[in-house]
Amino acid sequence: MAPIPWGKFPTLAEHQLARRWLQFMANIGRASNTIDAYGRAVEDHLRFCAVEGTDPVLAGADTVAAWIGDMLDRPRQRSAKAPLHPETGLANATVQQRVVAVRSFYEYLVEDGLRERNPVRRGQSSRRGRPPRQGLVRRLEQAPWIPNEDVWQRILFACAEQSLRNRLMVTLAYDGALRREELVQLDVGDFEHAHRLIHLRAETTKFKRAREEPLGLTSSQLFLAYLNERRGMFGRIDGPRFRSASNRNYGKPLGPSTWSKTVEGTARRAGAARLSTHTFRHLRLTDLARADWTIDQIAQYAGHRDLATTMRYIHLSGRELAARLHRASASIQQDRENLPAALAAVR
């Protein structure tokens, strides 16, 4: 069976049915990050049910609604990225994620014959002329943040002062529009330097789809330099490309949290509080949209499963707005050219 860190979810671990459900999710191949998020979500829900004195197996829609209301009313912890926003309530994306996980838990109970209905209502799109049905929590679609030219230059200057390994990781994150997990799981055999390609294995990607990404000139140069440095530090070893140089974890593979802390440090030095590991991906895809790549090309490059996700970068690039403004300018110019004839006709 797939291992699960049960110590993170003590309430869930003691609940036989919830424990069976999470183990089932792990056994069918859900990613470790997904298992962690699902476990935290159902742990939170089970704790709420315990406070309310409700058996989760018997919980109805009113209990689920009360739990959602509780999440929306909780004091929000201040973060380094948003120290001036003391609003209450968990972030919309967090609430959405937890509702999805709890819905999956109750669906498991329905399939097991322990419940007749799932108390977590699912939203539905419009069909056959019927109006769409809203889910329990309205989804807020926020545009990804990308730095302007001034902020981007500050970020690059801050990156230039870092180690060779970190500089290479930044260029790869941008060149390949790589997600955090995809970047840190790059293997020695994933690089094809002769053709300046990165091979992303299916098991390391979000949707389990292999793809190839190009290496830019800067990435290629840094790659060779880091290859020599890595060989001098750790010898010729296969496996994960990026290794820790700290005394505590010397030679061990770099984890996602370490890369996140590295980017957080860069954000502080650059004065770019909103910089995250995903910013490099957002900026790369937006730049491709600005370069007039088609939506299908960008989706394939990014490894998107849904073109609606790719459309966010088309909008963010301003390409459609620029095209509309160009058409509007052409129409205005045409009107101006026709104006003298129209005035002559009036006379």
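None of these values were measured; they are calculated from a predicted model. (Residues numbered from 1 in each chain as written. Predicted model: local features only at pLDDT ≥ 70, side-chain atom pairs only at ≥ 80, totals over all residues. Heavy atoms only, no water.)

**Observations concerning the overall build of the chain**
Then step 1. Helix and strand counts for the chain come out as 14 helices and 3 strands.
Then step 2. Counting only residues that meet the buried cut, the chain has 39% of its 347 residues in that class.
Then step 3. Intrachain contacts of the chain at a sequence separation of at least 6 include 55% that bridge at least 24 residues.
Then step 4. As displayed, the chain has an accessible area near 20,300 Å², and 51% of this comes from carbon and sulfur atoms. (Helix = DSSP H or I, 4+ residues; strand = E, 2+ residues; numbered from the N terminus. Buried < 20%, exposed > 50% of the residue type's maximum accessible area, 1.4 Å probe, protein only. Contact = heavy atoms within 4.5 Å. Areas by Shrake-Rupley, 256 points an atom, 1.4 Å probe, with all protein chains shown as cover.)

**A look at the pairing of strand 2 (residues 197-200)**
Then step 1. Taking every second residue as pointing to the same face, the buried face of strand 2 carries Ile 198 and Leu 200, while none of Leu 197 and His 199 on the other face is buried.
Then step 2. In this structure, strand 1 (residues 191-192) lies alongside strand 2, joined through 2 bridges in antiparallel fashion. From the neighbouring strand, Glu 192 faces strand 2, where its bridge partner is Leu 197.
Then step 3. Taking the residues that link successive antiparallel strands as the turn, the strand 1-strand 2 hairpin has 4 residues, and the phi of Arg 196 there is positive, at about 50 degrees.
Then step 4. Relative to strand 3 (residues 211-214), strand 2 runs antiparallel, the two sharing 4 bridges. For Ile 198, the partnering residue across the bridge sits in strand 3 and is Glu 213. (Pairing = 2+ DSSP bridges.)

**Focus: the nonpolar core**
Then step 1. Judged by nonpolar contacts, the single largest core of 34 residues is most densely connected at Ile 155, Leu 172, Leu 183, Leu 186, Phe 242, Trp 259 and Phe 280.
Then step 2. Within the residue set of this core, elements represented by two or more residues are helix 6 (149-160), helix 7 (164-175), helix 8 (180-184), strand 2, helix 9 (217-234), helix 10 (256-270) and helix 11 (279-290).
Then step 3. The leading source of residues in this core is helix 7, at 7 residues.
Then step 4. Look past the residues within four positions of Leu 183 in its chain and what remains in contact with it is Met 169, Leu 172, Ala 173, Leu 178, Phe 242 and Trp 259. (Core = buried A, V, L, I, M, F, W, Y, C linked by side-chain atoms within 4.5 Å.)

**Quick notes on the packing of aromatic side chains**
Then step 1. For the coordinates displayed, the defined rule picks out 10 aromatic pairs.
Then step 2. On the basis of an interplanar angle of 40 degrees and a centroid distance of 6.1 Å, the ring pair of Trp 152 and Tyr 174 is categorised as tilted. Taken as a pair, Trp 152 in helix 6 and Tyr 174 in helix 7 lie far apart in primary sequence, 22 residues in all. Residues Trp 152 and Tyr 174 agree in their burial class; the two are buried. (Phe/Tyr/Trp six-rings, centres within 6.5 Å; stacked < 30°, edge-to-face > 60°.)

**Describing helix 4 (residues 61-73)**
Then step 1. The terminal C-alpha atoms of helix 4 lie 18 Å apart, and with 13 residues this matches the ideal 18 Å at 1.5 Å per residue to within 8%.
Then step 2. Along helix 4, the residues classified as buried are Thr 63, Val 64, Trp 67, Ile 68 and Met 71. Buried residues of helix 4 fall within an arc of 140 degrees about the axis and therefore sit on the same side. Among the exposed residues of helix 4, those pointing more than 90 degrees away from its buried face are Asp 62 and Asp 73. (Expected span 1.5 Å × (residues − 1). Arc of directions from axis to C-beta.)

**Structural notes on the sheet that holds strand 3**
Then step 1. Strands sit in the order 1-2-3 across an open sheet of 3 strands; the sheet is antiparallel. Only two strands of the sheet have a single neighbouring strand rather than two, namely strand 1 and strand 3.

**What about unusual backbone geometry?**
Then step 1. Despite not being glycine, Arg 196 has its phi angle at roughly 50 degrees, a positive value.
Then step 2. Relative to the assigned elements, Arg 196 resides in the loop between strand 1 and strand 2.
Then step 3. Taking the relative accessible area as the measure of exposure, Arg 196 reaches 35% and is therefore partly exposed.
Then step 4. In this structure, Asp 292 is a non-glycine residue whose phi angle is positive, near 70 degrees.

**Description of the packing of helix 6 against helix 10**
Then step 1. At a minimum axis distance of 9 Å, the contact between helix 6 and helix 10 shows a crossing angle of 120 degrees. One way to sum up the angle between helix 6 and helix 10 is to call them oblique. Judged by the sense of rotation from one axis to the other, the crossing of helix 6 with helix 10 is right-handed. Contact with helix 6, carried on its side by Arg 154, Ile 155, Ala 158 and Cys 159, involves Thr 266, Arg 269 and Ala 270 of helix 10 and no other residues of that element.
Then step 2. In terms of residue class, the contact of helix 6 with helix 10 is built from 4 nonpolar, 1 polar and 2 charged. (Axes fitted to C-alpha atoms, helices over the stretch in contact; angles between N-to-C directions. Parallel < 35°, antiparallel > 145°, perpendicular 65-115°, else oblique. Left-handed = near helix turned anticlockwise from the far one by under 90°. Nonpolar A, V, L, I, M, F, W, Y, C, P; charged D, E, K, R; others polar.)

**Concerning the side chain of Asp 175**
Then step 1. Take Asp 175: it is sitting in helix 7.
Then step 2. Buried charged residue Asp 175 carries no salt bridge. Nearest counter-charge: Arg 284, at 4.7 Å.
Then step 3. Among the polar contacts made by the side chain of Asp 175, one reaches the main-chain amide nitrogen of Gly 216 at a distance of 3.0 Å.
Then step 4. A distance of 2.4 Å separates polar atoms of two side chains, one belonging to Asp 175 and the other to Ser 219.
Then step 5. When neighbours within four sequence positions are excluded, Asp 175 is seen to be in contact with Pro 214, Leu 215, Gly 216, Ser 219, Arg 284 and Tyr 301. (Lys, Arg positive; Asp, Glu negative; His and termini not counted. Salt bridge = Lys/Arg side-chain N within 4 Å of Asp/Glu carboxyl O. Polar contact = N/O pair within 3.5 Å; in protein donor to acceptor, adjacent residues only side chain to side chain.)

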